[in-house]
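Secondary and tertiary structure notes
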Amino acid sequence: MKKFDARPSRPQLDADEGWVVQVYGSNRRLLWVLEPSHGWMFLIGCGVGLLLSIIWVNVAHYSPPLESAPSGESTAPALQVD
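Residues numbered from 1 in each chain as written. Predicted model: local features only at pLDDT ≥ 70, side-chain atom pairs only at ≥ 80, totals over all residues. Heavy atoms only, no water.

The number of helices and strands found in the protein chain is 1 helix and 2 strands. The N-to-C order of helical and strand elements in the protein chain reads β-β-α. In the protein chain, which comprises 82 residues, the proportion classed as buried is 0%. Carbon and sulfur atoms provide 62% of the accessible area of the protein chain, an area that totals close to 8,900 Å². (Helix = DSSP H or I, 4+ residues; strand = E, 2+ residues; numbered from the N terminus. Buried < 20%, exposed > 50% of the residue type's maximum accessible area, 1.4 Å probe, protein only. Areas by Shrake-Rupley, 256 points an atom, 1.4 Å probe, with all protein chains shown as cover.)

Encoded structure:
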């Protein structure tokens, strides 16, 4: 038979468990929760946004202007006010 050990056992910390941040209000109600998946989604969103902005700037830089400059012959004469 095992001998009873009066010392309380220490909880074992497992580094593979992950983490969760929970924020409570002053009335002990849960306000919001931050999980690892939220952090990864935020980082992926930042990366995709940065990639899209780089592509957008490069496309806008090398594309021709949307409106071509009007030629002098096809435009109506300027309105002259006396």
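With that out of the way, let us pick up a nonpolar patch on the surface. A contiguous nonpolar patch, built from Trp 40, Met 41, Phe 42, Leu 43, Ile 44, Val 48 and Leu 52 and spanning about 810 Å² of accessible area, is present on the exposed surface. Locating Ile 44 in the fold gives a position in helix H1 (residues 36–62). Judged by relative accessible area, Ile 44 falls into the partly exposed class, the value being 47%. (Patch = residues over 30% accessible without salt bridge, like charges linked within 9 Å, V, L, I, M, F, W, Y side chains within 5 Å. Salt bridge = Lys/Arg side-chain N within 4 Å of Asp/Glu carboxyl O.)

Now for unusual backbone geometry. Despite not being glycine, Arg 28 has its phi angle at roughly 65 degrees, a positive value. Note on placement: Arg 28 falls in the loop between strand E1 (21–24) and strand E2 (30–34). Taking the relative accessible area as the measure of exposure, Arg 28 reaches 75% and is therefore exposed.

On to the pairing of E1. Every other side chain in a regular strand lies on the same face of the sheet, so the side chains alternate between the two faces. Sheet topology note: the E1/E2 ladder contains 4 bridges and is antiparallel. Residue Gln 22 lies in a different strand from E2, and its bridge partner there is Val 33. Hairpin connection from E1 to E2: 5 residues lie between these consecutive antiparallel strands, with Arg 28 at a positive phi of about 65 degrees. (Pairing = 2+ DSSP bridges.)

Here Val 20 shows up in the segment before E1. Excluding anything up to four places from it in sequence, Val 20 contacts Val 33, Leu 34 and Glu 35. (Contact = heavy atoms within 4.5 Å.)

Function cannot be read off these values alone, since they describe shape.
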